[in-house]
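This is what each chain is made of:
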Amino acid sequence: MPVTARDIASLIDDGQLTETARQLAKMAPQEAAAVLGGLDRRRSTIGFRLLSKDEAVQVFDDMTSHAQAQLVTSLSTDEVVDAFDNLDPDDRAELLDELPATVAKRLIRTLSPEEREVTSVVLGFGRNSVGRRMSPEFVHVYSDDSVGRALARVIERGHDAETIYTVPVVDHQRRLLGVVSLRDLLLSDSDVLLEDLWRAPIHARAETPAEAAARRCVELSLPAMPVVDNENRLIGVLTLDDAADVVAAAGDEDAARAGAHEVVKTPYLRSSVIAITRARIIWLFVLALSAILTVNVLEVFEGTLEQKVALALFIPLLTGIGGNTGSQAATTVTRALAMAEIRTRDVLHIARKEASVGASMGAALGIVGFAFASVVYDTGIGTVIGLTIVSVCTMAATVGGIMPLAARSIRVDPAVFSTPFISTFCDATGLLIYFTIAKTVLGI
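Because the structure is predicted, anything quoted here is derived from the model rather than measured.

1. Describing the pairing of strand 6 (residues 234-239)
Taken across its 6 residues, strand 6 has 6 buried, putting it largely inside the fold. Relative to strand 6, strand 5 (residues 224-228) runs antiparallel, the two being bridged by 5 bridges. Across the sheet, P226 pairs through a bridge with V237, a residue of strand 6. Adjacent in sequence and paired antiparallel, strand 5 and strand 6 are bridged by 5 residues, among which N232 carries a positive phi angle near 65 degrees.

Structure representation (structure tokens):
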């Protein structure tokens, strides 16, 4: 059986440090990184110190930036210099974002001038941009090179590059022209010119949101995506593994917010009660305030409910349909925004499309609702339920589709307007529609 974080914690607590070191040495760097990342700060620091120098460098590289930050603040600067220096510039920048400013500055001073320069390139871009997640360490070739010259350049400079499987092709002003695969270089005659091999590049501008560029890179299975500045000059590459990390982190964040809380970066059993409470409590306050709308609507139509008590039985059904319909639309549009398939200026087109989708779904569900309520109660109630379902689905889908665009236009994460907020909004609005239709149809 594989050794778990709990096993290592027990060994450390029992003072069996020799056995702890032996168990950690048997693991692959990725496994040891995951195990140490699952320990609290004290045990993680002890375990890291039991690694050999070479093991420590590899394990540190495979840890999450949050786990790295905990180690850096626990260890002396000398103990982490080698591991910090071994990180790729983009991983180094991510770690620096997690550290207190004084610690970050102290670590930057330990870098060589060359490493400090490439790290500064990454740190110069916005925190959520692809420029912040790209690697400025890459190998490129020139458009007028032959295959022989290009391969020689890859061999000469490839040791310092993060990837060599996709090689950008540039002109002598370093403007991106295309890409060529290492496979094509290896399988072509040395005197063949690159202009016969390179293909149009799929690339991103440095200011592009990291999530949008990363999703495109992952969905197209690109080993690396060139990153350019505003003048189309090549400044870095986004590798597939870094893109996958960005997409996974974005997915975790969206899933958390859809569940009405923020992401807790530490493993659940290691997270303090205060940290978990902080991640959830703000959303609960927001939802509680929003729910007051629903209470107020019910209070306004209290007299209507007293005249037709049967209407109250359908409230959970209608609010559930409205909330789910709005959430489905919001999720679809949020993903389309992340993939750059739509823009905020498409709001009218999206509103029309979602309204049509909502009306179609509402018609199908409304027929069923009309038939059921008519059989169990009467056709008056059935008509109210059928019309309400059509109206609520149309409204909820339209609102759910527009909300993420509104969020993007005011520079707020569209995930903020996901399931919890939209469900509450649709509850209150749906009840207004329900009772308005009921009063009109039933004359009460």
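More follows now that the structure is in view.
2. Quick look at the side chain of D171
Mapping D171 onto the fold places it in the loop between strand 2 (166-170) and strand 3 (176-181). For D171, a relative accessible area of 13% gives the class buried. In this structure the side chain of D171 is engaged in a polar contact, spanning 2.9 Å, whose partner is the backbone nitrogen of Q173. Setting aside residues up to four positions removed in sequence, D171 forms contacts with Y142, S143 and L177.

3. What about the packing of aromatic side chains?
Tallied over the full model, the rule gives 3 aromatic pairs. Look at F314 and Y377: their rings are 5.8 Å apart centre to centre, the planes differ by 70 degrees, and that puts the pair in the edge-to-face class. Of this pair, F314 sits in the loop between helix 18 (310-313) and helix 19 (315-338) while Y377 sits in the loop between helix 20 (347-376) and helix 21 (379-409), and the two are 63 residues apart along the sequence. Taken together, a centroid distance of 5.2 Å and an interplanar angle of 35 degrees make the contact between Y434 and F435 tilted. Across the pair, exposure class does not vary: Y434 and F435 are buried alike.

4. Some thoughts on the sheet that holds strand 3
One open sheet accounts for 3 strands, arranged 1-2-3; its pairing is mixed. Whereas interior strands pair on both sides, the edge strands pair on one side only; in this sheet they are strand 1 (141-142) and strand 3.

5. Thoughts on the layout of surface pockets
Considering only enclosed or pocket space, the second largest pocket measures out at about 420 Å³ in volume. Forming the walls of the second largest pocket are 18 residues, and the residues nearest its centre are E137, F138, R157, D160 and A161. Counting residues per element, the ones that place at least two in the lining of the second largest pocket are helix 7 (77-86) and helix 10 (113-123). Among the elements that take part in the lining of the second largest pocket, helix 10 stands out by supplying 3 residues, more than any other.

6. Notes on a nonpolar patch on the surface
A cluster of nonpolar side chains, namely L313, F372, V375, V376 and Y377, defines an oily patch on the protein surface of about 520 Å² accessible area. Sorting elements by how many residues they give to the nonpolar patch places helix 20 first, with 3 residues. Within the element layout of this structure, F372 appears in helix 20.

7. Some words on the sheet that holds strand 6
Strand order in the open sheet made by the 3 strands is 4-5-6, with mixed pairing throughout. Each edge of the open sheet is held by one strand with a lone partner, namely strand 4 (204-205) and strand 6.

8. Things to note about the confidence of the model for the chain
Per-residue confidence for the chain averages 85 on the pLDDT scale, and 91% of its residues sit at or above 70. Mean pLDDT across the elements of the chain bottoms out in helix 17 (residues 302-307) (69) and peaks in strand 5 (96).

9. A look at the nonpolar core
I8, L36, F48, F60, V72, L95 and L99 are the most contacted members of the largest nonpolar core, which totals 33 residues. L311, A373, L431 and Y434 belong to the second-largest nonpolar core, a separate cluster that totals 19 residues.

Conventions and cut-offs
- Residues numbered from 1 in each chain as written.
- Predicted model: local features only at pLDDT ≥ 70, side-chain atom pairs only at ≥ 80, totals over all residues.
- Heavy atoms only, no water.
- Buried < 20%, exposed > 50% of the residue type's maximum accessible area, 1.4 Å probe, protein only.
- Helix = DSSP H or I, 4+ residues; strand = E, 2+ residues; numbered from the N terminus.
- Pairing = 2+ DSSP bridges.
- Polar contact = N/O pair within 3.5 Å; in protein donor to acceptor, adjacent residues only side chain to side chain.
- Contact = heavy atoms within 4.5 Å.
- Phe/Tyr/Trp six-rings, centres within 6.5 Å; stacked < 30°, edge-to-face > 60°.
- 1 Å grid on protein atoms, 1.4 Å probe; cavity = no way out; pocket = protein on both sides within 12 Å on 5 of 7 lines; lining within 4 Å.
- Points joined across faces, edges and corners; volume = space filled by probe spheres on them.
- Patch = residues over 30% accessible without salt bridge, like charges linked within 9 Å, V, L, I, M, F, W, Y side chains within 5 Å.
- Areas by Shrake-Rupley, 256 points an atom, 1.4 Å probe, with all protein chains shown as cover.
- Salt bridge = Lys/Arg side-chain N within 4 Å of Asp/Glu carboxyl O.
- pLDDT = per-residue confidence, 0-100.
- Core = buried A, V, L, I, M, F, W, Y, C linked by side-chain atoms within 4.5 Å.

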